[in-house]
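Chains, contacts and geometry: an overview
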Amino acid sequence: MIDIHELSVQFGGVKPIDGLSVKLTKPIVGLIGPNGAGKTTLLNVLSGFVVPVQGSVSVDGRRVTGVAPHARTDMGLRRSFQTDQIADDLSLQENVQAAADHIAFDSRQARRNAVTQAIGFVGLGHRLDRRGSKLSTEERHLAEIAKTVLGKPRLVMLDEPGAGMSESETSHLQRVIRAIPTFCGAQVFLVDHDVALIAAVCNETMVLDFGKLLALGPTEAVLNKPEVRRAYLGDFDHAESL
Ligand SMILES: Nc1ncnc2c1ncn2[C@@H]1O[C@H](COP(=O)(O)OP(=O)(O)OP(=O)(O)O)[C@@H](O)[C@H]1O
Ligand SMILES: [Mg+2]
């Protein structure tokens, strides 16, 4: 569970998170909101890259604000970035291995096994030796997800994993994200502009409106709220069919 308490972030005159309090309890939680709404900033607070001016965040009852980023990895926090972090000159396996090197395992063999299993989990077992530069956009996003399921994650945060994907690629991505809680036991916090992806995988969804909570609840109900539709979805057909 993610427990956010009276959280505020300030960058000069900009306040991308403004007195936010929310408890996120479901296995897969969505986060939507327009460009600049503070979504990535919230993930940055959770992972320790941004220090809030006020408030606190706990994950599964343990306070994470004030804890160094690398110590949060030990606590089971994992994230992917909006701009993928795949090294072009390393193979897929080496890329995932590099992420595993920052995580504690019982043995080298356990680490190697975890890397292989994570890559298999996202469906890229046939691409182990492919260099980063030769991976497609979809494969790079999936490789990023493989890195987040290593070790014993408690919370997997994904920042726009569906960006730039075709419909068929997104349907594979949906299956992978849905399977994360069962695969590794982690809660998933998913940021994406693709509302169809959010609708397909998230048990609950929150909407950020420039640092404030506009809505939170079961995904279908949230996406059908008139104020959410007006503000973010326009005449989005999918919301119609939910
Ligand atoms: N390190 C920073 N320094 C100054 N301002 C920042 C910083 N990071 C984010 N901001 C500002 O904070 C606000 C929220 O940005 P954020 O990246 O969290 O939005 P977002 O919801 O992730 O948007 P997008 O959908 O475009 O990814 C924006 O006005 C942004 O310009
Ligand atoms: Mg962002």
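Residues numbered from 1 in each chain as written. Chains lettered and ligands numbered in written order. Predicted model: local features only at pLDDT ≥ 70, side-chain atom pairs only at ≥ 80, totals over all residues.

1. Re the overall build of the protein
Quick note on the threshold: A run of DSSP states H or I qualifies as a helix once it reaches four residues; a run of E qualifies as a strand once it reaches two. Both are numbered from the N-terminal end. Based on C-alpha atoms, the radius of gyration is set beside the globule rule, defined as 2.2 Å times the residue count to the power 0.38. We call two residues in contact when the distance between their C-beta atoms, placed using the backbone, is within 7 Å.
Each helix and strand counted, the protein has ten helices and ten strands in total. Taking 18 Å as the expected radius of gyration for a compact globule of 242 residues, we find that the protein reaches 18 Å, a close match to that expectation. Summarising its shape, the C-alpha atoms of the protein cover approximately 50 × 40 × 30 Å along the three principal directions. In the protein, the proportion of contacts linking residues at least 24 apart, taken out of those at least 6 apart, comes to 64%.

2. Observations regarding the site of ligand 1
Let me state the cut-off plainly: Residues are classed as near a molecule or strand if the C-beta position derived from their backbone is within 6 Å of it. Amino acids are sorted into nonpolar (Ala, Val, Leu, Ile, Met, Phe, Trp, Tyr, Cys and Pro), charged (Asp, Glu, Lys and Arg) and polar (every other residue, Gly among them).
Close to ligand 1 lie Phe11, Val14, Pro16, Gly33, Asn35, Gly36, Ala37, Gly38, Lys39, Thr40, Thr41 and Gln82. Elements supplying a minimum of two residues to the shell around ligand 1: β2 (14-24) and α1 (39-47). Counting residues per element, the shell around ligand 1 draws most heavily on α1, which supplies three residues. Residue composition of the shell around ligand 1, by class: four nonpolar, seven polar and one charged.

3. A short note on unusual backbone geometry
Going by this rule: Any residue surrounded by 20 or more other C-beta atoms within 10 Å of its C-beta is treated as buried, while 12 or fewer makes it exposed and the intermediate range makes it partly exposed; C-beta atoms here are placed from the backbone.
Not every positive phi belongs to a glycine, and Glu160 is a case in point at roughly 55°. Mapped onto the elements of the fold, Glu160 is located in the loop between β7 (155-159) and α6 (167-184). The class for Glu160 is buried, based on 20 C-beta atoms found within 10 Å. Phi at Phe210 is positive, roughly 45°, even though this residue is not glycine. Inspection of the secondary structure assignment puts Phe210 in the loop between β9 (204-209) and β10 (212-218).

4. A closer look at α6
In plain terms, the rule: Helix span is expected to be 1.5 Å times the residue number reduced by one.
With 18 residues, α6 extends 26 Å from end C-alpha to end C-alpha; this agrees with the ideal 26 Å at 1.5 Å per step. For α6, the full list of buried residues reads Leu173, Ile177, Ile180 and Cys184.

5. Section: the pairing of strand β1 (residues 2-11)
Spelled out, the test is: Pairing between strands is defined by DSSP: at least two bridges between the two strands are required.
Bridging between β1 and β2 involves six bridges; their strand directions are antiparallel. The residue bridging Leu7 from the neighbouring strand is Leu20, located in β2. From the end of β1 to the start of β2, which pair antiparallel, there are two residues, and Gly12 there has a positive phi angle of about 55°. Relative to strand β4 (residues 54-59), β1 runs antiparallel, the two sharing five bridges. What sits directly across from Ser8, in β4, is Gln54.

6. With respect to the packing of helix α3 (residues 92-100) against helix α5 (residues 137-148)
This is how the line gets drawn: A fitted line through C-alpha atoms represents every axis, and for helices the fit uses only the stretch in contact; the resulting angles, taken between N-to-C directions, go from 0 to 180 degrees. Left-handed is the label given to a crossing in which the near helix is rotated counterclockwise from the far helix by less than a right angle, and right-handed is the label when the rotation is clockwise.
Two elements in contact, α3 and α5, have axes separated by 9 Å at closest approach and are oriented at 35°. The two elements α3 and α5 cross, and the hand of that crossing is right-handed. From α3, Leu92, Asn95, Val96 and Ala99 reach across to α5, where they touch Ala143, Ala146 and Lys147. The residue makeup of the contact of α3 with α5, split by class, is five nonpolar, one polar and one charged.

7. Some thoughts on the sheet that holds β1
An order of β2-β1-β4-β5 is seen for the four strands of this open sheet, with the pairing classed as antiparallel. A strand with exactly one partner marks an edge of an open sheet, and here the two such strands are β2 and β5 (62-63). Relative to β2, α1 is tilted by about 65°, and along the sheet it contacts β1, β2 and β4.

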